[in-house]
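# Fold and contact review
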There are 2 protein chains.
Amino acid sequence: MQITALRIHPIAIADPPLRSSYGLHAPYALRTVLELESDDGVVGIAETYGGDAQVRQLEALRPQIIGANPYRLTGFLSPMVEGQGGGDARSQTYLVPGENPLDANTRTYAAIEVACLDIIGKSVGQPVCDLIGGRVRDEVPFSAYPFYKHAGGGGEGDDAREDEYGEALSPAALVKQVQQMIAKYGFGSIKFKGGVLEPEIEIETIKQLHRALGPQVPLRIDPNSAWTVDTSVRVGRALAEELGGGGYLEDPSAGLDDMAEVRRRLIAEGISTPLASNVAVTSFADIPRSVQLDAVQIILCDHHYWGGMRQVQHLARLAKSFGLGLSMHSNSHLGVSLMAMAHVAAATPHLTYACDTHYPWQSAKDEIVLGGRVPIIAGCVRIPDKPGLGVELDYDQLARGCGRYARYPYRKRDDEAEMRRHVDPAWRRVLPRW
Amino acid sequence: MQITALRIHPIAIADPPLRSSYGLHAPYALRTVLELESDDGVVGIAETYGGDAQVRQLEALRPQIIGANPYRLTGFLSPMVEGQGGGDARSQTYLVPGENPLDANTRTYAAIEVACLDIIGKSVGQPVCDLIGGRVRDEVPFSAYPFYKHAGGGGEGDDAREDEYGEALSPAALVKQVQQMIAKYGFGSIKFKGGVLEPEIEIETIKQLHRALGPQVPLRIDPNSAWTVDTSVRVGRALAEELGGGGYLEDPSAGLDDMAEVRRRLIAEGISTPLASNVAVTSFADIPRSVQLDAVQIILCDHHYWGGMRQVQHLARLAKSFGLGLSMHSNSHLGVSLMAMAHVAAATPHLTYACDTHYPWQSAKDEIVLGGRVPIIAGCVRIPDKPGLGVELDYDQLARGCGRYARYPYRKRDDEAEMRRHVDPAWRRVLPRW
């Protein structure tokens with residue numbers, strides 16, 4: 001089997017005005033859809049980060065991809081994820097996921113790996129999770145992912161989407177948003193994006209969420225490194241008082257040293273709430289120091305930038321060996337990414353928390369999966385009894401996504417610029433903010 | 001695809017009277033050959049440790065194996081390798097590889113995984129290394145593995161094998177043995193089994209080997225935990241003086257604490273010779289403490305007891321992340337194991353040393369691979385352009401192996417008993433001996 005065609009589709013998808021410490025989501029999020037076609041006509045697909053740089057990185061590999069055997073291409077390209085020497089540190093604090101040039105190789109490799117696995121799965125009639133070791137679960141749990149947000153459903157002008165969830169800039173509105181999301185998708189846990197309002201308001205939001213949803217729903221907060229060590233400890237204390245030890249605190253402060261200091265001070269107060277990260281630890285090279293400092297107790301994997309599904313499986317085994325938890329990071333995405341996330345999670349025994357997903361924030365109008373949006377039922381994505389990722393492209397929808405990409409000016413994600421454009425002309429990302 | 005038949009073949013293969021700190025190899029080494037047959041008539045094979053206990057462990061899984069899809073069986077059985085909680089410590093110092101009850105699950109799982117991968121590879125027409133991420137090398141380097149030995153080629157009575165290498169109980173005889181092995185197989189590095197004679201004689205053996213072979217041939221010694229910390233440091237010093245920093249010292253002392261002490265003392269003398277282990281670290285659960293103590297700098301993987309090929313790949317990624325080297329352990333084996341070792345090594349980027357193999361010690365008379373022994377050329381096994389492991393069973397030879405198993409009384413490996421039987425009736429394994 002040989003790969004005879006590579007098609008790269010940059011698309012733009014409507015995205016609501018969600019807030020985080022990075023700033024504000026633009027009206028369109030960018031994604032790249034990759035197709036590999038084999039000489040026997042099988043097409044493998046993948047979805048990854050978007051924008052012109054990602055397209056260029058994939059395009060640059062065309063000579064290696066065309067003519068390759070999809071079973072072997074991942075081995076041939078493995079220097080992109082293994083790097084030289086002990087592994088290349090890739091962590092950075094300021095850039096949004098997908099815009100860190102240090103993980104361009106692992107991101108690009110991951111998209112190719114997923115498309116190769118899809119082509120293989122479709123050619124042999126097996127789901128992707130069963131090609132990479134075999135599923136350990138058929139249903140993959142995801143979390144509700146509430147955000148503070150402005151009014152609006154994403155998109156611009158006559159391409160604007162319905163604002164399904166409305167404005168949410170207060171604890172009460174956030175609770176309503178979560179209840180709406182749970183009613184629709186049945187999520188059994190909450191990952192709440194903080195770092196946007198005063199910490200006291202965010203603590204109050206957690207309290208109201210906890211009281212509205214009941215103690216059986218795990219709650220976690222991710223302020224994207226917006227807090228000082230003092231604030232992180234204060235929120236950690238409030239979280240522990242309210243939740244009685246459940247949940248975790250994700251990237252409260254920036255960098256391994258401050259994370260370690262937060263951890264030490266919480267432990268000194270008898271609070272064992274673990275710290276999670278997808279900022280202080282984003283590559284294998286970050287782990288030894290993190291372990292040494294006990295800075296991060298839960299690593300958020302993401303096959304999109306960790307270098308693909310198999311690297312996530314390696315990461316999970318490493319995490320388990322060192323007594324670390326594993327959860328999954330998400331970025332604005334459509335159904336092809338959701339299915340890839342579900343497949344790798346299905347084939348990763350040591351997945352200790354429900355995965356994140358932005359999927360509820362995207363609209364059916366933008367979905368590129370044939371047949372429409374992937375169902376999330378009782379908070380879970382079920383691995384379908386279909387080969388490969390279990391989804392095919394809807395080429396009309398894909399063309400619309402490419403059309404939006406061409407029509408609107410967004411070429412990279414820049415939440416800071418959006419914040420200045422729509423909220424506060426003087427806004428800058430300052431860490432720590434509180 | 002469903003597995004419709006499981007066949008377990010316990011075999012005995014002639015093994016020369018090799019010496020180690022465990023004692024003496026018996027006239028027959030034991031192996032188990034596993035066959036899985038699918039409903040479309042494809043047969044997947046694997047070779048693993050031998051003896052009645054191994055047969056029972058495989059047999060016990062028959063209900064889960066029959067009817068299973070080979071793509072999914074490895075996921076279904078993954079609790080056997082993932083264990084509960086943070087992972088189960090499995091290291092022990094006294095038992096020979098294959099006889100540690102703590103790794104019975106990972107050993108058994110590995111054999112099933114390899115047979116499943118072989119069945120998959122044969123059904124889709126792809127080599128195993130390309131099913132597990134894709135090869136990063138076509139040729140896998142192995143080391144010569146000289147042993148002190150008594151006269152004899154293995155086997156008993158009229159089933160005795162030719163003594164190809166003769167007795168080797170002195171430095172000069174050992175050098176001759178290595179030269180003979182290099183002439184035949186082209187090995188480019190030497191892993192020398194020590195822990196048998198007085199350390200001064202073993203140091204002299206290393207010196208003579210180094211002088212005979214030249215500085216371009218890496219030399220390492222493995223006394224299987226036979227030495228005190230003092231002796232280990234003394235040998236480490238002599239090795240460094242002779243080799244100028246090349247090579248490594250494998251399991252000089254027993255246990256992580258003594259290994260760490262050897263390391264500290266060598267480093268204090270400015271000697272950076274790394275310590276390797278397949279005794280102090282034999283499972284993922286052993287690694288955190290080893291890293292903390294800097295006890296082991298090179299882990300010897302072995303898919304046969306680490307839980308299969310994918311677990312070895314996880315281990316390699318972990319090792320790379322923590323700046324550890326990776327080599328491969330071996331046990332007396334035939335061509336099916338050799339090919340499995342070659343496939344996993346081919347698909348493991350972070351393999352930093354040539355692999356061990358006992359293969360030169362086995363005889364063509366015992367080989368179960370159709371067409372005879374797997375070629376080792378210029379010290380390397382080449383991944384053949386054939387599906388699966390690239391080898392098929394010779395059923396006549398397999399039947400002969402089963403016949404020997406039935407005829408001779410060996411049912412588990414017991415090098416201590418053999419030592420008492422043939423060399424010294426009072427012999428006991430004492431650690432440390434020197």
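Criteria and cut-off values
Residues numbered from 1 in each chain as written. Chains lettered and ligands numbered in written order. Predicted model: local features only at pLDDT ≥ 70, side-chain atom pairs only at ≥ 80, totals over all residues. Heavy atoms only, no water. Disulfide = S-S within 2.5 Å. Buried < 20%, exposed > 50% of the residue type's maximum accessible area, 1.4 Å probe, protein only. Pairing = 2+ DSSP bridges. Helix = DSSP H or I, 4+ residues; strand = E, 2+ residues; numbered from the N terminus. Axes fitted to C-alpha atoms, helices over the stretch in contact; angles between N-to-C directions. Contact = heavy atoms within 4.5 Å. Least-squares fit on C-alpha atoms with pLDDT ≥ 70 in both. Polar contact = N/O pair within 3.5 Å; in protein donor to acceptor, adjacent residues only side chain to side chain. Core = buried A, V, L, I, M, F, W, Y, C linked by side-chain atoms within 4.5 Å. Salt bridge = Lys/Arg side-chain N within 4 Å of Asp/Glu carboxyl O. Parallel < 35°, antiparallel > 145°, perpendicular 65-115°, else oblique. Left-handed = near helix turned anticlockwise from the far one by under 90°. Nonpolar A, V, L, I, M, F, W, Y, C, P; charged D, E, K, R; others polar. Expected span 1.5 Å × (residues − 1). Buried area = accessible area lost by both parts, 1.4 Å probe.

This next bit is on the state of the cysteines. Residues and elements named next belong to chain B. For the structure on display, the rule yields zero disulfides over all chains. No disulfide involves C129; its nearest neighbouring cysteine sulfur is the one of C355, lying 13 Å away. On the accessibility criterion, C129 (0% relative accessible area) is buried. Here C301 is not disulfide-linked; the sulfur of C355 is the nearest cysteine sulfur, at 6.5 Å. You can call C301 buried: its relative accessible area is 1%.

Think of a sheet as strands paired side by side through backbone hydrogen bonds, with each pair either parallel or antiparallel. Residues and elements named next belong to chain A. What the three strands build is an open sheet, ordered β1-β4-β5; its pairing is antiparallel. The open sheet has two free edges, formed respectively by β1 (3-14) and β5 (43-49), since each of these has just one partner strand. Across the sheet, the mean angle separating the axes of adjacent strands is 20 degrees when strand polarity is ignored. Across eleven bridges, the pairing between β1 and strand β4 (residues 28-38) is antiparallel. Residue A12 lies in a different strand from β4, and its bridge partner there is L30. Across the sheet, helix α14 (residues 395-407) is in contact with β1, β4 and β5; its angle to β1 comes to roughly 65 degrees.

To continue, consider the relation of the copies chain B and chain A. Superposing the two chain copies requires a rotation about an axis and a translation along that axis. Between the two copies, chain B and chain A, the superposition gives an RMSD of 0.0 Å; the rotation angle is 180 degrees and the shift along the axis is 0.0 Å. Classification of the inter-copy transformation places it as that of a two-fold axis. Among all residues of chain B, the one whose C-alpha sits closest to the rotation axis is H314 of chain B, at a distance of 2.2 Å. Of the interface residues in chain B, 100% have counterparts in chain A that sit at the interface too, so the contact is made through matching surfaces.

Residue and element names in this part refer to chain A. Structurally, the position occupied by S20 is in strand β2 (residues 19-20). On the basis of relative accessibility, which here comes to 3%, the residue S20 falls in the buried class. At 3.0 Å, the side chain of S20 forms a polar contact with the backbone nitrogen of Y22. Other than its neighbours up to four places away in sequence, S20 contacts K193, G194, G195, V196, N224 and D415.

All names here are of chain B. The strand order β1-β4-β5 describes an open sheet built from three strands, whose pairing is antiparallel. The open sheet is flanked by β1 (3-14) and β5 (43-49), the only strands paired with a single partner. Recorded for the sheet is a direction-independent mean angle of 20 degrees between the axes of neighbouring strands. In terms of strand pairing, strand β4 (residues 28-38) meets β5 through seven bridges, oriented antiparallel.

Soluble globular proteins tend to pack their nonpolar side chains together in the buried interior. Of all hydrophobic cores here, the largest spans 251 residues; its most connected members are L389 of chain A together with L389 of chain B. Leaving out residues up to four positions away in the same chain, L389 of chain B has contacts with I45, V114, D118, V128, M309, V336, M339, A340, H343 and P384 of chain B.

The next thing to look at is the pattern of salt bridges. A full pass over the atoms with the stated rule returns 70 salt bridges over all chains. In this structure, the salt-bridge partner of E35 of chain A is R7 of chain A, at a minimum N-O distance of 3.0 Å. Remark: R7 of chain A occurs in strand β1 and E35 of chain A occurs in strand β4; sequence separation between them is 28 residues. On the accessibility criterion, R7 of chain A (28% relative accessible area) is partly exposed. The shortest N-O distance in the salt bridge between D163 of chain B and K149 of chain B comes to 2.7 Å. Remark: K149 of chain B occurs in the loop between β6 (139-141) and α6 (171-185) and D163 of chain B occurs in the loop between β6 and α6; sequence separation between them is 14 residues. By relative accessible area, K149 of chain B is classed as buried at 1%. Here the salt bridges share partners, and the residues they tie into one network are K191, K193, R220, D222, E250 and D356 of chain A.

Residue and element names in this part refer to chain A. Remark: helix α7 (residues 199-213) packs on helix α8 (residues 229-243), axes separated minimally by 10 Å, with the N-to-C direction vectors making an angle of 15 degrees. The angle between α7 and α8 falls in the class roughly parallel. Of the two elements, α7 crosses α8, and the hand of that crossing is right-handed. Along the contact surface, α7 presents P199, E200, I203, I206, K207, H210 and R211, while α8 presents T231, R234, V235, A238, L239, E242 and L243. Grouping the constituent residues of the contact of α7 with α8 by class yields seven nonpolar, two polar and five charged.

Regular strands place side chains that alternate from one sheet face to the opposite one. All names here are of chain B. Side chains G325 and S327 project from strand β12 (residues 325-328) onto one buried face, and the interleaved L326 and M328 project onto a second face that is buried too. As paired strands, strand β11 (residues 298-301) and β12 are joined by four bridges and run parallel to one another. Across the sheet, L300 pairs through a bridge with S327, a residue of β12.

Residue pairs three or four apart in sequence face the same way in an α-helix, which turns once every 3.6 residues. Residues and elements named next belong to chain A. For α8, with 15 residues, the first-to-last C-alpha span of 20 Å sits near the 21 Å given by 1.5 Å per residue. Among the 15 residues in α8, eleven count as buried, and that is most of the element. For α8, the complete set of buried residues consists of V229, T231, S232, V233, V235, G236, A238, L239, A240, E242 and L243. Contacts from the buried residues of α8 go to α7, β8 (219-222), β9 (249-250) and α9 (255-268). Downstream of α8 by a residue or two, G244 has a phi angle that is positive, lying close to 65 degrees.

All names here are of chain A. In this fold, Q297 is placed in the loop between α10 (287-293) and β11 (298-301). Here D294 takes part through its backbone oxygen, which lies 2.7 Å from a polar atom of the side chain of Q297. Once residues within four sequence positions are removed from consideration, Q297 is found in contact with R263, P274, L275, L324 and G325.

Our focus in this paragraph is the interface of chain B and chain A. A common way to express how large an interface is: the accessible area buried when the components associate. Taken together, the contact between chain B and chain A spans 38 residues of the former and 38 residues of the latter. Note on chain B versus chain A: buried area summed over both sides is about 3,300 Å², and carbon and sulfur give 53% of it. Counting every contact that joins chain B to chain A gives six salt bridges. As a salt-bridge pair, D130 of chain A and R72 of chain B come within 3.1 Å of each other at their nearest N and O atoms. One can count 19 residue pairs in polar contact (both at pLDDT 80 or more) joining chain B with chain A. Looking at the side of chain B that touches chain A, the elements with two or more residues in it are α3 (70-76), α4 (79-82), α10 (287-293) and α12 (309-321) of chain B. Considering every element that reaches the side of chain B that touches chain A, the biggest residue donor is α12 of chain B, with eight residues.

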